Amino acid sequence: MARMKFLCDAERCIECNACVTACKNEHEVPWGINRRRVVTINDGQVGAEKSMSVACMHCSDAPCMAVCPVDCFYKTEDGVVLHDKDLCIGCGYCFYACPFGAPQFPASNASAPGGQATDWFGARGKMDKCTFCAGGPEENGSEAEFSKYGRNRLSEGKLPLCAEMCSTKALLGGDGDVLADIYRERVTVRGKGAEVWGWGTAYGKPGQQSDTATSDK
Amino acid sequence: MVTPKLFLTTWLLLCSVLGGAVATAVADDAAQKQVRRQAEQPLNNAPVWRAVRYGAEHSTQATGREAGVLIQSAGETWRQIRNGPITLYGGLLLILVPISIGLFYQWKGPLKLNGHPTGRLVQRFSYWERLIHWSVAITFVILAVTGILMLFGRYVLIPLIGHGGFAWFAQISKNVHNLVGPLFIAAVACMFVMFVRDNVWHSIDWQWLKKAPQVLSGKTHVPSGKYNAAEKGWFWGGVALLGLVVGISGLILDFPNFEQTRATMQVAHVVHGVGALIFVAASLGHIYMGTIGTEGAYAGMRTGYVDETWAKEHHELWFKEVNS
Amino acid sequence: MSNAIIVKRILAVLFAASLAVVFQTGCSEPSQGLEYRDGRYAGKPDTPNWQGDAFDGKRNWEKEIKRRTKLQSEYTRPGGA
Ligand code: SF4
Ligand code: SF4
């Protein structure tokens, strides 16, 4: 059974933001929302700069899922955390709880260009987040699914576009065991630096869940 | 065992708020550490990951609140507080308080007048006082019901009416709660101004308090002004204090348009939840005493008039004042 | 005190206790299991990825996903460097 995960390799990410662009384009994500973003730590400091591409990590013990008052999240057999926008009431609790800042709202991001007139009351629209390119409750590949959640690549046998198109292969997505193998091999070639950022938070300590991780950080 | 944990977690939440300020300074330091580490041990990024843990904003091309924060750990703490003690003890409070009030009612029954009603009425509340009281009361009940629905509906209503049905209720609840909240705050502010004069604490209130058990079981009456000690307690502790706490924390959550960070809203949510649950539980006591618990009290707030006997027995000093 | 009142009071206490127990168990966080039953994940409808025209069942879908995941390794990419 595949267990879907994301892995970002800080040694390789060059902050090209292609994953961000690809995601926005593939899913036609509304203004002000970035399902994926690249964060650069120690920007401009030679020898200390590191970039990370981050989106929903599809946690094993997902905080968003635990706090949602209408219980609109669900986890698929492949470990992908999805949500039903028809149920979401836009309370923002998932945004408070998520470690990675993944859930976002169309109207609350008033700082983004194109903020709407309703923004003054702080009303949030339906929550939007990364779906691991797996759509939502609607029929796989349907128009209704696309307009709410974006493309359903997983049902076409494809992986998330951000990972598949990453030119340096810093961002990997797919079956967690395979990713761990790929990364282990990479670390062996490099000889150092085995940390996989975010896996400890998202997937728990190795052995704690049914998931496996090479190492956690 | 749970209380120390609660304190600890609340403390951690507060720390995370303050932490933001410190984080920037720490981050600069971490950059220097990383430069050195990179030279000594290439590919060792430990200083970077440690810095990330402080939750500082780093640079990013993405717009949106806190987009530069790579990871925030306080969310998990908040989840444990909300889904743990707040839900559990809040729920128990909301079950046990009505049950104890019911048992008390069965045991003692309502406070009855000792004497006979004279049929002569005195005005206790003016039109404006009643208008304000009922504005506060109605908005309060709406907020309580919608708030309770959003905290406990997932556990109680979803099994009964399904996800779709409950989401419909919850959507309405959220919007009503957000709209009525500011109205409640306005009404409470008016109430404070209008009622504060008669709620100033006097030395005779201590006597009432000392004899409270006998008074509440109808054995005796202690003279009091327009409001007795319990009513004053409800005014200061409930309307004024809890009103302020719930009001401010509610506004922080209701208007997320001022770039509040998640840490701020997590703290506001915990404060709001705890305050509101205590508020609701305490209000049940007030509602009981004002309706079935005291003969003649409800008519007083409804029509504005009470019988002379009622006035003399419950609020003797006030009655004398009015009559003089 | 009449018997009826005593019985009533005992019932009330029992009721309170049972509510408390129901509450304690009912309000703990539900499990985040991945079971798929009757077209639903924990009450929410969805179609599994492998259901559809593109794949001939779960096995094939998983094989394809595994293959594509492996493609992300440039060391072993078939025909790649
Ligand atoms: S990363 Fe955030 S949104 Fe995604 S599953 Fe984890 S808590 Fe939920
Ligand atoms: S914003 Fe929507 S998805 Fe997020 S917790 Fe609230 S109802 Fe659930």
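Residues numbered from 1 in each chain as written. Chains lettered and ligands numbered in written order. Predicted model: local features only at pLDDT ≥ 70, side-chain atom pairs only at ≥ 80, totals over all residues. Heavy atoms only, no water.

**Notes on the overall build of chain A**
Piece 1. Helix and strand counts for chain A come out as seven helices and six strands.
Piece 2. In chain A, the succession of helices and strands from N to C terminus is β-α-β-β-α-β-β-α-α-α-β-α-α.
Piece 3. Buried positions account for 68% of the 217 residues belonging to chain A.
Piece 4. Contacts in chain A between residues at least 24 apart in sequence constitute 55% of all its contacts with a sequence separation of at least 6. (Helix = DSSP H or I, 4+ residues; strand = E, 2+ residues; numbered from the N terminus. Buried < 20%, exposed > 50% of the residue type's maximum accessible area, 1.4 Å probe, protein only. Contact = heavy atoms within 4.5 Å.)

**Considering the packing of helix H6 (residues 176-190) of chain A against helix H2 (residues 58-70) of chain C**
Piece 1. For the pair H6(A) and H2(C), the least separation of the axes is 9 Å and the interaxial angle reads 20°. Looking at the two axes, H6(A) sits roughly parallel to H2(C). The element H6(A) and its partner H2(C) pack so that their crossing is right-handed. Between H6(A), through Val178(A), Leu179(A) and Ile182(A), and H2(C), the contact on the second element is made entirely by Lys66(C), Thr69(C) and Lys70(C).
Piece 2. Among the residues forming the contact of H6(A) with H2(C), the class breakdown is three nonpolar, one polar and two charged. (Axes fitted to C-alpha atoms, helices over the stretch in contact; angles between N-to-C directions. Parallel < 35°, antiparallel > 145°, perpendicular 65-115°, else oblique. Left-handed = near helix turned anticlockwise from the far one by under 90°. Nonpolar A, V, L, I, M, F, W, Y, C, P; charged D, E, K, R; others polar.)

**Details of the sheet that holds strand S1 (residues 36-37) of chain C**
Residue and element names in this part refer to chain C.
Piece 1. On the basis of which strands lie adjacent, the open sheet formed by three strands has the order S1-S2-S3 and antiparallel pairing. Where the open sheet ends on each side, the last strands, each with one partner, are S1 and strand S3 (44-45).
Piece 2. Of the pairings in the sheet, the one linking strand S2 (residues 40-41) to S3 comprises two bridges and is antiparallel in character. When the sheet's bridge partners are listed, Arg40 is paired in S3 with Pro45. (Pairing = 2+ DSSP bridges.)

**Re the pattern of salt bridges**
Piece 1. Using the criterion set out here, one finds 27 salt bridges over all chains in the structure.
Piece 2. Residues Glu26(A) and Arg153(A) are paired through a salt bridge, measuring 3.3 Å at the closest nitrogen-oxygen approach. With a gap of 127 residues between them, Glu26(A) in helix H1 (residues 18-27) and Arg153(A) in the loop between helix H4 (143-149) and helix H5 (161-164) connect regions that are remote in the sequence. Across the pair, Arg153(A) and Glu26(A) agree in class, each one buried.
Piece 3. For Glu76(B), the salt bridge is made with Arg79(B), and the minimal N-O distance between the two is 3.2 Å. Of this pair, Glu76(B) and Arg79(B) both sit in helix H3 (residues 74-108), three residues apart, which is roughly one turn of the helix.
Piece 4. Residues joined in a network through salt bridges with shared partners are Asp9(A), Arg12(A), Arg186(A), Arg190(A) and Glu74(C). (Salt bridge = Lys/Arg side-chain N within 4 Å of Asp/Glu carboxyl O.)

**Considerations on the nonpolar core**
Piece 1. With 113 residues, the main nonpolar core has Phe73(A), Phe100(A), Leu154(A) and Trp197(A) as its most contacted residues.
Piece 2. A per-element tally of this core places helix H5 (residues 158-195) of chain B first, with 10 residues.
Piece 3. Counting contributing residues per domain, this core is built from domain 1 (18-71) and domain 2 (74-322) of chain B, each supplying no fewer than three.
Piece 4. Among the nonpolar cores identified, the runner-up in size contains eight residues, and Leu113(B), Val306(B), Ala311(B) and Phe319(B) belong to it. (Core = buried A, V, L, I, M, F, W, Y, C linked by side-chain atoms within 4.5 Å. Domains from an automatic or database assignment.)

**Notes on the side chain of Arg79(B)**
Piece 1. The class for Arg79(B) is buried, based on a relative accessible area of 3%.
Piece 2. Each residue touching Arg79(B), except ones within four places of it in the same chain, is listed here: Asp61(A), Ala62(A), Pro63(A), Ala66(A), Val67(A), Gly84(B), Glu29(C) and Gln32(C).

**Digging into a nonpolar patch on the surface**
Residue and element names in this part refer to chain B.
Piece 1. On the surface, a cluster of nonpolar side chains totalling about 610 Å² of accessible area is made up of Val156, Leu160, Ile161, Trp168, Phe169 and Ile172.
Piece 2. It is H5 that contributes the most residues to the nonpolar patch, five residues altogether.
Piece 3. Along the polypeptide, Val156 turns up in helix H4 (residues 127-156). (Patch = residues over 30% accessible without salt bridge, like charges linked within 9 Å, V, L, I, M, F, W, Y side chains within 5 Å. Areas by Shrake-Rupley, 256 points an atom, 1.4 Å probe, with all protein chains shown as cover.)

**What about the confidence of the model for chain C?**
Residue and element names in this part refer to chain C.
Piece 1. Averaged over chain C, the pLDDT score is 74; the fraction of residues at 70 or greater is 67%.
Piece 2. Here helix H1 (residues 3-26) stands out as the element of chain C with the lowest mean pLDDT, 66, in contrast to H2, whose mean of 88 is the highest.
Piece 3. If you check the scores for this complex, the pTM reads 0.85 and the ipTM reads 0.86. (pLDDT = per-residue confidence, 0-100.)

**Focus: the site of ligand 1**
Piece 1. Among the 14 residues in the neighbourhood of ligand 1, the closest are listed as Cys56(A), Met57(A), Cys59(A), Cys64(A) and Cys98(A).
Piece 2. Per-class residue counts for the shell around ligand 1 are 12 nonpolar, one polar and one charged. (Near = heavy atom within 4 Å.)

**Describing the pairing of strand S3 (residues 50-54) of chain A**
All names here are of chain A.
Piece 1. S3 sits mainly inside the fold: five of its five residues count as buried.
Piece 2. Alternating residues of S3 divide into Lys50, Met52 and Val54 and Ser51 and Ser53, and every residue in both groups is buried.
Piece 3. Bridge count between strand S2 (residues 37-41) and S3: five bridges; the pairing is antiparallel. Paired with Val38 across the strands is Ser53, a residue of S3.

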